Amino acid sequence: MLLLKSLHLIFMVTWFAGLFYLPRLFVYHAMSSDEISIDRFKIMERKLFFGIMTPGAVLTLVFGIWLTAANGWNTYMILTWFQVKLVLLLLLVGYHVHCGILLRDFKHDRNRHSHVWYRWYNEIPVIFLIAIILLAVYKPL
């Protein structure tokens, strides 16, 4: 059980590292005007999204589901704090998918946002992280 929990947390940290860094790359990409920098950011963003973030997200979900099933799925599904955590997790997956859409827009030189917009966008996963950790640790509801 502790191994499952450890793997869940390890991949959650990996996923969040990408969620924090990719929008930061978008900030710098949006500020770039020379072709060499733009091409470099496209490569970095693609490798981060597909090589670190997405595997981290998938493995976080796999080990989270496995951990929940091992502890008794029905036991957790009736707990309000866990239901709220699942909703936040679904919203976080939506944020991840939206990052992929933004990545595709940058890939095709269709960015529609300023570097300031991306600076604010970069703060969203912080809110998710704080809320999910507080729910998991304190189980307040």
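Above this note sits the structure.
Figured I'd write up the structure that's included with this text. (Residues numbered from 1 in each chain as written. Predicted model: local features only at pLDDT ≥ 70, side-chain atom pairs only at ≥ 80, totals over all residues. Heavy atoms only, no water.)

Some details on the side chain of Lys42
Summarising the element assignment, Lys42 is placed in helix 2 (residues 35-71). A relative accessible area of 18% means that Lys42 is categorised as buried. Once you skip the residues sitting within four places of it in the chain, Lys42 turns out to touch His29, Phe106, Lys107 and Asp109. (Helix = DSSP H or I, 4+ residues; strand = E, 2+ residues; numbered from the N terminus. Buried < 20%, exposed > 50% of the residue type's maximum accessible area, 1.4 Å probe, protein only. Contact = heavy atoms within 4.5 Å.)

Details of the packing of aromatic side chains
Using the criterion set out here, one finds 14 aromatic pairs in the structure. In this structure, Lys139 is placed above the aromatic ring of Trp81, and the distance from its NZ or CZ to the ring centre is 5.0 Å. (Phe/Tyr/Trp six-rings, centres within 6.5 Å; stacked < 30°, edge-to-face > 60°. Lys NZ or Arg CZ within 6 Å of the ring centre and 35° of its normal.)

Notes on helix 6 (residues 124-138)
The end-to-end C-alpha separation of helix 6 is 22 Å, in line with the 21 Å expected for 15 residues at 1.5 Å each. Packing partners of the buried residues in helix 6 comprise helix 1 (2-31), helix 4 (80-107) and helix 5 (115-121). Looking one or two residues past helix 6, Lys139 carries a phi angle of roughly 45°, positive in sign. (Expected span 1.5 Å × (residues − 1).)

Here we look at the pattern of salt bridges
Pairs may arise between side chains of opposite charge once their charged atoms sit close together. According to the stated counting rule, one finds 4 salt bridges in the structure shown. Here Asp105 ties to Arg112 by a salt bridge, and the two come within 3.4 Å at their closest N and O atoms. The class for Asp105 is buried, based on a relative accessible area of 4%. Judged by relative accessible area, Arg112 falls into the exposed class, the value being 61%. Here the residues in one salt-bridge network are Arg104, Asp105, Arg110 and Arg112, joined through shared partners. (Salt bridge = Lys/Arg side-chain N within 4 Å of Asp/Glu carboxyl O.)

A short note on the nonpolar core
In this structure, Leu19, Leu22, Phe26, Met53, Leu92 and Cys99 are the most contacted members of the largest nonpolar core, which totals 27 residues. Within the residue set of this core, elements represented by two or more residues are helix 1, helix 2, helix 4, helix 5 and helix 6. Considering each element in turn, this core owes the most residues, 9 residues, to helix 4. In this view, Met53 contacts Trp15, Gly18, Leu19, Leu22, Leu48, His96 and Cys99; residues no more than four positions away in its chain are not counted. (Core = buried A, V, L, I, M, F, W, Y, C linked by side-chain atoms within 4.5 Å.)

Observations concerning a nonpolar patch on the surface
Where nonpolar side chains cluster on the molecular surface, the patch consists of Val126, Ile130, Ile133, Leu134, Val137 and Tyr138 and spans about 560 Å² of accessible area. Along the chain, Leu134 turns up in helix 6. Classification of Leu134 as partly exposed rests on a relative accessible area of 43%. (Patch = residues over 30% accessible without salt bridge, like charges linked within 9 Å, V, L, I, M, F, W, Y side chains within 5 Å. Areas by Shrake-Rupley, 256 points an atom, 1.4 Å probe, with all protein chains shown as cover.)

Brief notes about the packing of helix 4 against helix 6
Where helix 4 contacts helix 6, the two axes come as close as 10 Å, and the packing angle between them is 160°. When the axis of helix 4 is compared with that of helix 6, the two are roughly antiparallel. Considering the relative orientation of helix 4 and helix 6, their crossing is left-handed. Side by side, helix 4 and helix 6 meet where Trp81, Val84, Lys85, Leu88, Leu89, Leu91, Leu92 and Tyr95 of the first sit next to Ile124, Pro125, Phe128, Ala131, Ile132, Leu135 and Ala136 of the second. Looking at the contact of helix 4 with helix 6 residue by residue, the classes come out as 14 nonpolar, no polar and 1 charged. (Axes fitted to C-alpha atoms, helices over the stretch in contact; angles between N-to-C directions. Parallel < 35°, antiparallel > 145°, perpendicular 65-115°, else oblique. Left-handed = near helix turned anticlockwise from the far one by under 90°. Nonpolar A, V, L, I, M, F, W, Y, C, P; charged D, E, K, R; others polar.)

Topic: the packing of helix 1 against helix 6
For the pair helix 1 and helix 6, the least separation of the axes is 10 Å and the interaxial angle reads 155°. Taken together, the axis directions place helix 1 and helix 6 in an arrangement best described as roughly antiparallel. Every residue of helix 6 that contacts helix 1 at Met12, Phe16, Leu19 and Phe20 is listed here: Pro125, Val126, Leu129 and Ile133. Of the residues contributing to the contact of helix 1 with helix 6, the split by class is 8 nonpolar, no polar and no charged.

Note that all results are geometric; they support no functional claim without further evidence.
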